Amino acid sequence: MESSLPLTIDRAAGIPLHLQLAEQFRAAVLDGRLQAGHRLPSTRDLARDLAVSRSVTQAAYDQLHAEGWIEGRTGAGTFVTDVVPLQPAVRRRTTHPADSGEKLLTLRPGIPYIAPTPDPGWRRAWREVSTQSPPGGYDDAAGLPALRAALADHVGRVRGIACGPENVLVTNGTVHGLRLLLSVTRKPGDRIAIEDPGYLNAVAAARDHHLEIVDVGVDEDGLQVSALKDDVAAVYVTPSHQYPLGGRLPVARRNELVRWARRTGSMLIEDDYDSEFRYDVAPLPALAQLDLERVVHLGTLSKTISPALRLGWLVAAEPVVDRLAAYRANSGDWPGWPMQAAMLAMLHDGYLDHAVRRGRRLYADRRTHTVAVLSPYGQVIGQDAGLHITLLLPDDADDLRIAAEARAAGVVIAPLSEYRRTVPGPPGLVIGYATPSTSDLHRALTILTEVLTRR
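Small disclaimer: the values here were computed from a predicted structure and weren't measured.

Take unusual backbone geometry next. Omega for the bond connecting Asp196 with Pro197 falls within 30 degrees of zero, at 5°, which places this linkage in the cis form. By the secondary structure assignment, Pro197 is in the loop between strand E6 (191-196) and helix H7 (200-208). With an omega of 15°, the peptide bond running from Tyr243 to Pro244 counts as cis. Counting through the fold element by element, Pro244 comes out in the loop between strand E9 (234-237) and helix H8 (251-264). Here the phi dihedral of Asp274 falls at roughly 65°; this positive angle occurs in a residue that is not glycine.

Printed below as a string of structure tokens:
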């Protein structure tokens, strides 16, 4: 009997996806949901169900096989082993507020506020979908044609990218678009430059595709273009709000980056992170506006509507989009029709624009409060945009220990050292202010300041 488990992927957790899956399988064995002899889904089926790369599920199975939790049987599949690895004789539990039923408050970055009840715009979109019949056959691997046209209009209007539907591919989100792009355009051993500190899921994607990662430092203005080497085949960059330090790549440096890409023939991968939410001036036009032949632009609904939608877009030169669509036509890896149809309704209805305007008002107030509360404890940077700020701490501070103490007190935060790889820098805390309700945000910040005061 093949076992089906409620597996989840948290792309904002900062933990490689294959390790998240492996840990959930182990937990299922230990608590009896999976027993010896249970047949597991294939790596291909599991990857499709979770909307991840097959390399993620294969890496998880490889890890479990190496540890002895599962075994492959020729011609039959993959099964939980007959002899389950022994549990530790004593399993110590770390005492967290969640253990006693108390709710953990999260200040993790990159997650928007989701109201407890759906608003009228959300309901209208799904009523629109309910009046339509699904397509009679398989839909276009690049995405619904009407949605691609609407997205081309959207990125042209709000991000300044001159493009048509032929330049747009509908994705399951930023990381999905990145992994798809790396699968099709890069080969093992290629060198890719990634900001350091930077987005851990981008690093994991590059590693899963066996690319050589070149760590490039960032400053208050974002990626240090002068540090790029000419033998780099691609650059992953967050120019609108560098993740996690929050710098905005200025126009002069953007021009320098595009000139470098033209000279070297490298691909620029623009993660348009947090471009919707600026609190000082209007957003700068996208990097892709400067040269769509050299830049691939990645956008998402995760910060404006919800990460749970798993919807986004990729904008690139037409030959790149054609290659990606041809690849997906064979893999079957693209968003389903109902979600695409709902996204189209949100664009036509103006709901997406409304959600952005509403979010700016809400998050601007929360940002102001968060900065005011935390400024006495260090240097606050990155506060002009996005859904988080970064609090730089004195050099002798241990941000990992502070994060652990905050969690023990009931608040989840991200230590800055989690995002660093080889480029040194001060310790700090990456603090998201979007996710909790306003009252929970105030409570969480009160707890955090108590922890910082004790330090």
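Next comes the rest of the description.
Summed over all chains, the structure comprises two cavities of 30 Å³ or more. What the largest cavity holds in volume is close to 40 Å³. Lining the largest cavity are Phe25, Arg26, Val29, Leu34, Leu40, Leu64, Trp69, Ile70 and Val80. No other element matches helix H1 (residues 17-30), which puts three residues into the lining of the largest cavity. Taken together, the residues that form the lining of the largest cavity break down as eight nonpolar, no polar and one charged. The calculated volume of the second largest cavity comes to roughly 30 Å³. Taken together, Arg159, Ser240, Arg254, Ser275, Arg278, Pro283 and Leu284 make up the full set of residues lining the second largest cavity. Among the residues making up the lining of the second largest cavity, the classes are represented as two nonpolar, two polar and three charged.

Now for the packing of helix H4 (residues 120-130) against helix H10 (residues 337-349). Relative to each other, H4 and H10 sit at 125°, their axes nearing to 8 Å. In terms of orientation, H4 lies oblique with respect to H10. Seen along the crossing, H4 lies across H10 with a hand that is right-handed. Every residue of H10 that contacts H4 at Trp122, Arg124, Ala125, Trp126, Glu128 and Val129 is listed here: Trp337, Pro338, Met339, Ala341, Ala342, Ala345, Met346 and Asp349. Along the lines of polarity and charge, the residues of the contact of H4 with H10 split into 11 nonpolar, no polar and three charged.

Calculation notes
Residues numbered from 1 in each chain as written. Predicted model: local features only at pLDDT ≥ 70, side-chain atom pairs only at ≥ 80, totals over all residues. Heavy atoms only, no water. Helix = DSSP H or I, 4+ residues; strand = E, 2+ residues; numbered from the N terminus. 1 Å grid on protein atoms, 1.4 Å probe; cavity = no way out; pocket = protein on both sides within 12 Å on 5 of 7 lines; lining within 4 Å. Points joined across faces, edges and corners; volume = space filled by probe spheres on them. Nonpolar A, V, L, I, M, F, W, Y, C, P; charged D, E, K, R; others polar. Axes fitted to C-alpha atoms, helices over the stretch in contact; angles between N-to-C directions. Parallel < 35°, antiparallel > 145°, perpendicular 65-115°, else oblique. Left-handed = near helix turned anticlockwise from the far one by under 90°. Contact = heavy atoms within 4.5 Å.

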